[in-house]
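Commentary on secondary and tertiary structure
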Amino acid sequence: MPRIPLARPFWDEECEMAAVAALSSGRWVKGPQAKKFGEEFANWCGAVAAVPCQSGSAALWAAMRLLGIGPGDEVIVPGMTFIATATAVSLVGATPVFADIEEDYWCICPDDVEAKITARTKAVIGVHIFGQPFSQRLKQICKSHNIALVEDAAQAHGATLDGVMAGAIGDIACFSFFPSKNMAVGGEGGMITTTLPELAERMNRLVDHGRDDTLESVELGTNLRMSEVAAAIGRVQLKHLKDWTTKRRSNSESIIHETKTREGGAHSWHQLCILTENPDELISNLDAQEVDARVHYPIPCNRHQVYSQHFQHEISLPNCDKLAHRLVAIPVHPSLSESEIERINSALHP
Ligand SMILES: Cc1ncc(COP(=O)(O)O)c(C=O)c1O
């Protein structure tokens, strides 16, 4: 009985041909593939512009730079997310301020965000956690306080909120193409998108040493460019994304669980997480049926050692502390067969 992994990266002949063509073109960087991938991705999610880059983490760092965030500034982030959401803020010398998450949807809690806004708050990074779009209220709060809204859409390719795709909801959005994500590029990769026309040109500059057309560096940037091979693979994968999202949604419905999607939202089911009082038992039942499962995320971000000097290190964010080690991710990826779904269900209900 072959094991069912949490992710099964997609690879077919078209991906292979696209990769080989990009290699044999001799143009390995700064060529037409990355340019077209950016245009197609912006078009797909309804953003004004998009630029491919080296990872979701790089995209988050770039978002902070695009917003001019630095020392003395605060950025509100959820206490339960992948650590890169918070460290992107620290890496530009600003302070991440951790807000609690919603008890039911597990995204950043708008009430706690509002309570934590100060005169130093420059942005909020809302994470569409596991593919669940963050609350509509987050957008209203940012607007009324004149604070930028960054989407961490690393897990949300294809998620929507009131009909608007992740990538076009906030001011800037950051995607990851890590191999386990809803689409990938055959290695590391990411995408920055924006809904603000004034950021479009700077976005392209920032991933290329902050250089303008004359090759003068006009602002601080570095090399965050995506390779042509990765972009060529990404363009093929993007064509499948709509079908894969539909399949993830139907898989999540076929797997018996109690997870909800926010009203007005459409989930992209990067992860299907089950809330349990006994994660070890659940993981071991799944393991006995050769099904991979993992706790997401075992530690709230503020409690990581990297934040041992942070003013919120010891503070309890009640829902983060309650939920962090009780959410078990199980396979929901689009390549699951009927019999694999049956096996997952029988392991969930032994
Ligand atoms: C919510 C979230 N943010 C950011 C990232 C960082 O993306 P990458 O691994 O491509 O740097 C990830 C990837 O795991 C993520 O899940």
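Treat the numbers as computed from the prediction; the structure is a model and nothing was measured. (Residues numbered from 1 in each chain as written. Predicted model: local features only at pLDDT ≥ 70, side-chain atom pairs only at ≥ 80, totals over all residues.)

Time to look at the overall build of the chain. Counting secondary structure elements, the chain contains eleven helices and 13 strands. Taking 20 Å as the expected radius of gyration for a compact globule of 350 residues, we find that the chain reaches 20 Å, a close match to that expectation. Each principal axis of the C-alpha distribution contributes one length, and for the chain these read about 65 × 50 × 35 Å. The proportion of buried residues among the 350 residues of the chain is 52%. Nonlocal contacts in the chain, meaning residues at least 24 apart in sequence, comprise 69% of its contacts between residues at least 6 apart. (Helix = DSSP H or I, 4+ residues; strand = E, 2+ residues; numbered from the N terminus. Rg over C-alpha atoms; globule rule 2.2 N^0.38 Å. Buried ≥ 20, exposed ≤ 12 C-beta atoms within 10 Å, placed from the backbone. Contact = placed C-beta atoms within 7 Å.)

In terms of domains, the chain is made up of domain 1 (13-236) and domain 2 (241-348). A separation of 22 Å is found between the C-alpha centroids of domain 1 and domain 2. The interface is formed by 31 residues belonging to domain 1 together with 28 residues belonging to domain 2. Of all the secondary-structure elements, those providing two or more residues to the side of domain 1 that touches domain 2 are helix 4 (84-91) and strand 6 (160-161). (Domains from an automatic or database assignment.)

Taken together, seven strands build an open sheet; the order of strands is 1-9-8-5-4-2-3 and the sheet is mixed. Where the open sheet ends on each side, the last strands, each with one partner, are strand 1 (49-53) and strand 3 (95-99). The average undirected angle you get between the axes of adjacent strands in this sheet is 20°. Where strand 5 (residues 148-152) lies against strand 8 (residues 172-176), three bridges are found, and the strand directions are parallel. Note that in strand 8 the partner of Glu 151 across the bridge is Ala 173. In this fold helix 2 (residues 32-45) packs onto strand 1 and strand 9 (190-194), with an angle of close to 130° to the strand it touches most, strand 1. (Pairing = 2+ DSSP bridges. Axes fitted to C-alpha atoms, helices over the stretch in contact; angles between N-to-C directions.)

In the vicinity of the ligand lie 14 residues, with Ser 55, Gly 56, Ser 57, Ala 154 and Ser 176 positioned nearest. Every element with two or more residues in the shell around the ligand is listed here: helix 3 (56-66) and helix 4. Of the residues assigned to the shell around the ligand, the class counts are five nonpolar, eight polar and one charged. (Near = placed C-beta within 6 Å. Nonpolar A, V, L, I, M, F, W, Y, C, P; charged D, E, K, R; others polar.)

Sheet strands pair by backbone hydrogen bonding; their relative direction is either parallel or antiparallel. Spatial ordering of the open sheet is given by 11-13-12, a layout of three strands whose pairing is antiparallel. A single partner strand is all that each edge strand has here, and the edge strands are strand 11 (272-275) and strand 12 (294-295). In this structure, strand 11 lies alongside strand 13 (residues 327-330), joined through four bridges in antiparallel fashion. Residue pairing in the sheet places Ile 274 in a bridge with Val 328 of strand 13. Each of strand 11, strand 12 and strand 13 touches helix 9 (residues 279-288); the most contacted strand, strand 13, lies at about 15° to it.

Looking now at the packing of helix 3 against helix 4. The N-to-C vectors of helix 3 and helix 4 enclose an angle of 45°; their axes lie 9 Å apart at closest approach. Taken together, helix 3 and helix 4 sit at an angle that is classed as oblique. Every pair of crossing elements has a handedness; the one defined by helix 3 and helix 4 is right-handed. Contacts between helix 3 and helix 4 involve Gly 56, Ser 57, Leu 60, Trp 61 and Met 64 from the former and Ala 84, Thr 85, Ala 88, Val 89 and Leu 91 from the latter. Among the residues making up the contact of helix 3 with helix 4, the classes are represented as seven nonpolar, three polar and no charged. (Parallel < 35°, antiparallel > 145°, perpendicular 65-115°, else oblique. Left-handed = near helix turned anticlockwise from the far one by under 90°.)

Counting 114 residues, the largest nonpolar core has Cys 53, Ala 59, Ala 62, Ala 63, Met 64, Cys 174 and Ile 192 as its most contacted members. The element best represented in this core is helix 3, accounting for eight residues. Both of domain 1 (13-236) and domain 2 (241-348) provide at least three residues apiece to this core. Those residues within four positions of Cys 174 in sequence are excluded, and the remaining contacts are Gly 56, Ala 59, Leu 60, Ala 63, Val 150, Glu 151, Asp 152, Ala 153, Ala 154, Gly 190 and Ile 192. (Core = buried A, V, L, I, M, F, W, Y, C linked by C-beta atoms within 7 Å.)

Within helix 6 (residues 136-144), the full set of buried residues consists of Leu 138, Lys 139, Ile 141 and Cys 142. Buried residues in helix 6, looked at end-on, bunch into an arc of 165°, giving them a common side. What points out from helix 6, more than 90 degrees from its buried face, is the exposed set Lys 143 and Ser 144. Where helix 6 is buried, its residues meet helix 5 (110-116), strand 4 (121-127) and strand 5. Once helix 6 ends, the next one or two residues include Asn 146, with phi positive near 60°. (Arc of directions from axis to C-beta.)

As a further point, take the pairing of strand 9. With respect to burial, strand 9 is a largely interior element, five of its five residues being buried. Because side chains alternate across strand 9, one face comprises the buried residues Gly 190, Ile 192 and Thr 194, and the other comprises Met 191 and Thr 193, equally buried. Pairing between strand 1 and strand 9: five bridges, direction antiparallel. Paired with Cys 53 across the strands is Gly 190, a residue of strand 9. Both strand 8 and strand 9 contribute to a ladder of five bridges, which runs antiparallel. Bridge pairing in strand 9 links Ala 173 to Thr 193.

Quick look at unusual backbone geometry now. A cis amide bond, omega 0°, links His 296 with the succeeding residue Tyr 297. Along the polypeptide, Tyr 297 turns up in the loop between strand 12 and helix 10 (318-323). A positive phi angle, close to 50°, is found at Asp 162, a residue other than glycine. Secondary-structure assignment places Asp 162 in the loop between strand 6 and strand 7 (164-165). Positive phi, normally seen in glycine, also occurs at His 209, with a value near 60°. For His 209, the location among the structural elements is in the loop between helix 7 (197-206) and helix 8 (228-254).

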